[in-house]
Amino acid sequence: MAADRITYQSGFGNTFSTEALKNALPVGRNSPQRPPRGLYPEVLSGAAFTAPRAENRSSWLYKLRPSAMHGPYQRMKDGLLRSGPFNEAETPPNRLRWDPLPLPSRPTDFVDGLATIAGSGDPAMQTGVAVHVYRANRSMKHRVFWNADGELMLVPQQGALSLFTELGRLALAPGEIAVVPRGIKFRVDVEGPTRGYVCENYGMRFRLPELGPVGSQGLAQARDFLAPVAAFEEQGKCEAVAKFLGGLWATTLAHSPLDVVAWHGNYVPYKYDLARFMTIGPISFDHADPSLFTVLTSPSGEPGVANCDFVIFPPRWQVTEDTFRPPWFHRNLMSELMGLVHGVYDAKAEGFTPGGISIHNCMSAHGPDLATYEKASAAELKPHKIQDTLAFMWESRYVWRPTRFALGARELQRDYDKVWNDFRRNA
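All values derive from a computational prediction rather than experimental measurement. (Residues numbered from 1 in each chain as written. Predicted model: local features only at pLDDT ≥ 70, side-chain atom pairs only at ≥ 80, totals over all residues. Heavy atoms only, no water.)

(A) Focus on the overall build of the protein chain. A count of helical and extended segments in the protein chain gives two helices and 28 strands. The C-alpha radius of gyration of the protein chain comes to 22 Å, within 12% of the 22 Å expected for a compact globule of 427 residues. The buried share of the protein chain, reckoned over its 427 residues, is 52%. Across the protein chain, every contact between residues at least 6 apart in sequence was considered, and the portion connecting residues at least 24 apart equals 78%. A total of about 19900 Å² of accessible surface is found on the protein chain, and carbon and sulfur atoms cover 52% of it. (Helix = DSSP H or I, 4+ residues; strand = E, 2+ residues; numbered from the N terminus. Rg over C-alpha atoms; globule rule 2.2 N^0.38 Å. Buried < 20%, exposed > 50% of the residue type's maximum accessible area, 1.4 Å probe, protein only. Contact = heavy atoms within 4.5 Å. Areas by Shrake-Rupley, 256 points an atom, 1.4 Å probe, with all protein chains shown as cover.)

This is the structure:
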């Protein structure tokens, strides 16, 4: 279905109701003795039954067939997909940066094209995160995927995606993100070569950050998040691929599981256009902390210390006086993994290219390269707009532990440290 023909419901954390066929939703109860249209009620719980109301997430689905209609799952090859505890290779304290991974030369769908770069924690303990790169040139035909280990945040870098989830369709293009909650089945369709990033969040679900003194009007607005309307398909045999405790498992279904005719609830996939983000920054002097650019956060249980923050660096104005405007030199308790959707990141004049990745782990010294430092130190401090760029960061309290594949990849820039080699003593 063309992206401009897909409709949505708006709001973050809302309770939605939607039906693809008229009078498919029951009224006044969730599981009547004889549901409308003979559909099968099924509740999808994204939280413990007794979780506080503000944290509780669930949706009632009304399906052509119960999800329980499947045979045993069988183990399949993981390919380049890895999961916590990420101990297959020793993690160095070095700054790390990769060029973009190449697009596939053979027919490859979303699942087959996943390659894990780094992660932390353990899905069995429901803590930590993993970051993968997806590369695909073929749609998932007669195949769906679901993940018991965590929710998935997709960040396209090249090419558009169409997500057909159990709860409906989402069209996704570079400059947008989508989040598919834990356990929801979906299919990814593409129209050509595509590449992007995936954050697999083992921990508490992503939510909007608290705003504090910023007030109610800043950063990402709840109304700009879009959830799907009900849509379903009737197809024959289908392979269901599951990620469970780090491994991939598969079974054959007699019919497509994307057969939800109606649903209501607040456990839903959603998308967000990053161009809608209201950037806030200093208007007098100094460079503010990057936390001002937080779109979504996954708490860790300790206030203010995230399991994972999703932070973006979009087009924005710089107006500070007597200030070195790019990000400062820095050592940080938190660990940073960055990606670049398009353009140039303002702290790196060269070497960090769209589709690339960098990791600066706990207390690793990093900051602007020499070219950026010299240019910014001599720049005329007039109002300047940073344009045609979109970088982002997943920041975590846990150290990013690269996979063996990532540390051995030819795309790893083994001379990355040299960008800081030629600074001279100025005093």
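(B) Inspection of the side chain of Ser-162 at higher detail. As for its placement among the helices and strands, Ser-162 is situated in strand 11 (residues 161-165). Owing to a relative accessible area of 15%, Ser-162 belongs among the buried residues under this scheme. Leaving out residues up to four positions away in the same chain, Ser-162 has contacts with Leu-170, Arg-187, Val-188 and Asp-189.

(C) Fine view of the sheet that holds strand 25 (residues 357-360). Sheet architecture is open: six strands sit in the order 6-25-24-27-22-21, paired in antiparallel fashion. On the outer flanks of this sheet lie strand 6 (96-98) and strand 21 (294-302), each paired with one strand and no other. Direction aside, the axes of adjacent strands within the sheet are offset by 10 degrees on average. Relative to strand 22 (residues 305-313), strand 21 is paired through six bridges, and the arrangement is antiparallel. Opposite Ser-298, over in strand 22, you have Cys-308 as the bridge partner. (Pairing = 2+ DSSP bridges. Axes fitted to C-alpha atoms, helices over the stretch in contact; angles between N-to-C directions.)

(D) Representation of the sheet that holds strand 3 (residues 40-45) within the structure. Read from one edge of the open sheet, four strands run 2-19-4-3, paired in antiparallel fashion. Where the open sheet ends on each side, the last strands, each with one partner, are strand 2 (16-19) and strand 3. Between one strand and the next, the sheet's axes are offset by a mean angle of 20 degrees, whatever the strand orientation. In terms of strand pairing, strand 4 (residues 58-63) meets strand 19 (residues 260-265) through five bridges, oriented antiparallel. From the neighbouring strand, Leu-61 faces strand 19, where its bridge partner is Trp-263.

(E) Structural view of a nonpolar patch on the surface. Taken together, the side chains of Phe-244, Leu-245 and Trp-249 make up a nonpolar region of the molecular surface, amounting to roughly 300 Å² of accessible area. If you trace the backbone, Phe-244 turns up in strand 17 (residues 238-244). (Patch = residues over 30% accessible without salt bridge, like charges linked within 9 Å, V, L, I, M, F, W, Y side chains within 5 Å. Salt bridge = Lys/Arg side-chain N within 4 Å of Asp/Glu carboxyl O.)

(F) Representation of the environment of Val-144. Take Val-144: it is sitting in strand 9 (residues 143-147). Along the chain, Val-144 and Asp-224 lie 80 residues apart, while their C-alpha atoms are 28 Å from each other. Ignoring any residue separated from it by four or fewer positions in sequence, one finds Val-144 in contact with Lys-185, Phe-186, Arg-187, Cys-238, Glu-239, Ala-240, Val-241, Pro-257 and Leu-258.

(G) Looking closely at the packing of aromatic side chains. Applying the stated criterion to the full structure yields 21 aromatic pairs. Taken together, a centroid distance of 5.8 Å and an interplanar angle of 80 degrees make the contact between Phe-145 and Phe-186 edge-to-face. Taken together, the residues span a long stretch of sequence, with Phe-145 in strand 9 and Phe-186 in strand 14 (residues 186-190) at a distance of 41 residues. Assigned by exposure class, Phe-145 and Phe-186 land together as buried. Consider the rings of Phe-329 and Tyr-373, whose centres lie 5.9 Å apart with planes at 45 degrees: the pair is tilted. Placement of the pair is Phe-329 in the loop between strand 23 (316-318) and strand 24 (335-342) and Tyr-373 in helix 1 (residues 370-378), with a sequence separation of 44 residues. Classification of Tyr-373 as partly exposed rests on a relative accessible area of 26%. One aromatic cluster is present, built from ring pairs that chain together Phe-12, Phe-225, Tyr-270 and Tyr-272. It is Arg-169 that lies over the ring of Phe-164; its NZ or CZ is 4.1 Å from the centre. Lys-185 extends its terminal NZ or CZ atom over the ring of Trp-146, reaching a point 5.6 Å from the ring centre. (Phe/Tyr/Trp six-rings, centres within 6.5 Å; stacked < 30°, edge-to-face > 60°. Lys NZ or Arg CZ within 6 Å of the ring centre and 35° of its normal.)

(H) Examining the state of the cysteines more closely. Scanning the entire structure with this criterion turns up zero disulfides. Between Cys-199, a cysteine without a disulfide, and Cys-308, which holds the nearest cysteine sulfur, the sulfur-to-sulfur distance is 4.1 Å. (Disulfide = S-S within 2.5 Å.)

(I) Spatial organisation of the pairing of strand 18 (residues 247-253). Where burial is concerned, most of strand 18 is hidden: five out of the seven residues are buried. The pairing of strand 5 (residues 74-75) with strand 18 spans two bridges and is antiparallel. Bridging across to strand 18, Gln-74 finds its partner in Ala-250. Connecting the antiparallel pair strand 17 and strand 18 is a turn made up of two residues, with Leu-245 showing a positive phi of about 50 degrees.

(J) Looking closely at the pattern of salt bridges. Tallied over the entire structure, the rule returns 21 salt bridges. Across the pair Asp-417 and Arg-95 runs a salt bridge whose closest N-O atoms are separated by 3.0 Å. Note that Asp-417 is positioned in the segment after helix 2 (404-408) and Arg-95 in the loop between strand 5 and strand 6, a separation of 322 residues in sequence. A relative accessible area of 34% means that Asp-417 is categorised as partly exposed. Beyond isolated ion pairs, a larger network of salt bridges with shared partners links Asp-109, Asp-112, Arg-143 and Glu-239.

Keep in mind that these numbers describe shape and distance, not what the molecule does.
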